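# Architecture at a glance
Here is what each chain is made of, one letter per residue.
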Amino acid sequence: MVPGFATKLSPSFRLVSTYFISAIISLIAVSIMMVVSYEEVSGHHFSPKLLAITHLTILGWIALTIFGAIFQLISIILKVKVHSEKLAFAQYGFHVAGLIILVYSFWVFSFGKLMITGGALIVFSIFLFLINIMITLSKRKKNNLTGIFLMASNIHLFFVVILGLLLAINLAFPFIPGDHLSLLTVHAHIGIAGWIGLVIAGVSLKLIPMFTLSHGFSVKPAWGVFVLVNSGVVGFSIFRILGLGTVGDYIFIPMLALGFLLFFYQIMLIIKKRMKKNIDLGIKFSLFAYTSLLITVLIAVASLFINNETLGKINLPVLYGFILIFGFITQLILGQMYKIIPFLIWFHYYSAQVGLKEVPLLKDLYNRNLSKTQYYITNFSILVIVVAILFNFPVVVLTGFSLYLVGILLFSYNILSIYKR
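Numbering of residues starts from 1 in each chain and follows the order in which that chain's sequence is written. The predicted origin of the model limits local features to residues at a pLDDT of at least 70 and limits the giving and counting of side-chain atom pairs to 80 or more, whereas totals for whole chains, interfaces and linings rest on all residues. The side-chain numbers reported here are obtained from all heavy atoms of the structure, hydrogens and water having been left aside.

### Examining the pattern of salt bridges
Just to be clear on terms, a salt bridge is a Lys or Arg side-chain nitrogen sitting within 4 Å of an Asp or Glu carboxyl oxygen. Evaluated as defined, the whole model comprises two salt bridges. Its salt-bridge partner being Arg-240, residue Asp-249 comes within 2.8 Å of it at the nearest N-O pair. Neither Asp-249 nor Arg-240 differs from the other in exposure class; each is buried. When accessible area is computed with a 1.4 Å probe and restricted to protein chains, residues below 20% of their type maximum are described as buried, those above 50% as exposed, and intermediate ones as partly exposed.

### Considerations on the packing of aromatic side chains
Side-chain rings of Phe, Tyr and Trp (the six-membered ring for Trp) are treated as a pair once their centres are within 6.5 Å; stacked means planes under 30 degrees apart, edge-to-face means over 60, and tilted covers the remaining angles. In total, this model carries 26 aromatic pairs according to the counting rule given. Where Phe-158 meets Phe-159, the ring centres are 5.3 Å apart and the plane angle is 80 degrees; that geometry is what we call edge-to-face. By relative accessible area, Phe-158 is classed as partly exposed at 33%. Among the aromatic side chains, those forming a connected cluster through ring pairs are Tyr-19, Phe-67, Phe-71, Tyr-92, Phe-129 and Trp-195. Placement of a positive charge over a ring is assigned whenever Lys NZ or Arg CZ falls within 6 Å of the ring centre and within 35 degrees of the normal to the ring plane. Its end group placed over the ring of Phe-89, Arg-14 keeps NZ or CZ at 4.6 Å from the ring centre. A cation over an aromatic ring shows up here: Lys-49 above the ring of Trp-107, its NZ or CZ 4.8 Å from the ring centre.

### Some details on the packing of helix H1 (residues 13-36) against helix H14 (residues 394-418)
Each axis is a line fitted through C-alpha atoms, taken for helices only over the stretch in contact, and angles between the N-to-C directions span 0 to 180 degrees. Secondary structure elements are defined from DSSP: runs of H or I of at least 4 residues count as helices, runs of E of at least 2 residues count as strands, and each element is numbered from the N terminus. Two numbers describe how H1 lies on H14: the axes approach to 8 Å, and their chain directions differ by 160 degrees. Viewed along their axes, H1 and H14 adopt a mutual orientation that is roughly antiparallel. Crossing of H1 against H14: the hand is left-handed. Listed contacts from H14 to Ile-21, Ile-24, Leu-27, Ile-28, Ser-31, Ile-32, Met-34 and Val-35 of H1 are Leu-398, Phe-401, Ser-402, Tyr-404, Leu-405, Ile-408, Leu-409, Phe-411, Ser-412, Ile-415 and Leu-416. Nonpolar residues are Ala, Val, Leu, Ile, Met, Phe, Trp, Tyr, Cys and Pro. Charged residues are Asp, Glu, Lys and Arg, and all others, Gly as well, are polar. Here the contact of H1 with H14 is composed, by residue class, of 16 nonpolar, three polar and no charged. For classification purposes, angles smaller than 35 degrees are called roughly parallel, those larger than 145 roughly antiparallel, those between 65 and 115 roughly perpendicular, and all remaining angles oblique. Two helices cross in a left-handed way if the nearer one is turned anticlockwise from the farther one by less than a right angle. They cross in a right-handed way if the turn is clockwise. The criterion used for residue contact is that any of the two residues' heavy atoms lie within 4.5 Å.

This is how it looks when you write it as structure tokens:
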């Protein structure tokens, strides 16, 4: 058992499950879209299909998972109950509606009222989330490091959705001076490094020790992560907005890289202090993810010193983005879902029966052989796709995406079958 992952302060099982199941459906849709549009996905990063896939991945798969996890974890981290589940369900409705409209408008490359409407619905849903969380945080009696990371991530979330809406308006009714693609890069870095990066770092400080039974490790590197990542994101954004990207990139990209290298080091410290010596599947997913993070950090720094002629036909933005989103973030989430969802179902449906009748163990709630198969398929497919992007082999890209879809379908079947209980 994982002690303390659910308490009397936890939100309803229905709320968290709604977000998690919708996130999994989004991931299935993303995997299908990558297969269908494999040629365009490996092209320029500012293309209709790639923008649609990226936004569905970030706002569907990743964001819905994060919101569901935060609603569950906040009661454990800060010992307070979520202020309003009704507000959380309203947020979900506006978010999904905006997501569908926004992704469709990107897919057909339709600028104007449709895209702006989708973006506005997303912004409104995020406002509801931030209001709900701010009121919840105001009730806390004490703070901790994970809570500080989450509060900072919410600030980045506010700015990333506002900038995203402004960029959507700018595509239809140009009013922002300067380079639109440069601002798009700012939007991406605030979202991935500032918001998602800080959420992952903060939550990992809670979940990884919990799942590995780690104690007595130092959290000093985590404070370095907090300072470097926040400073790097803010500095990178300001310099890009002011048109000083060339100077700022050489200062703040290494700063961000150092921040995430420290995060990698912090995770290694936690794992080194584990009492649970065997490495289970969830942690194996996490280790693959953290290794992918290390690779993306090296790519980001190396790109500052490699000119376009040396790179040749390598599509560096797509390669970097794919490893970061699918090699790091997605693999990390997949591993944690194999931990979180079985426990939530066990807690809500079996915990009260302990001692009264025989109840299943967590590991018996899903097919472990299927999960191992999925682990190897997704890992292998990611490696195939990376090689295909490196050497510009569209047919191999299709093969990799097809394998990845198979892996995600296995994962989805395995996780969703738990709910049949």
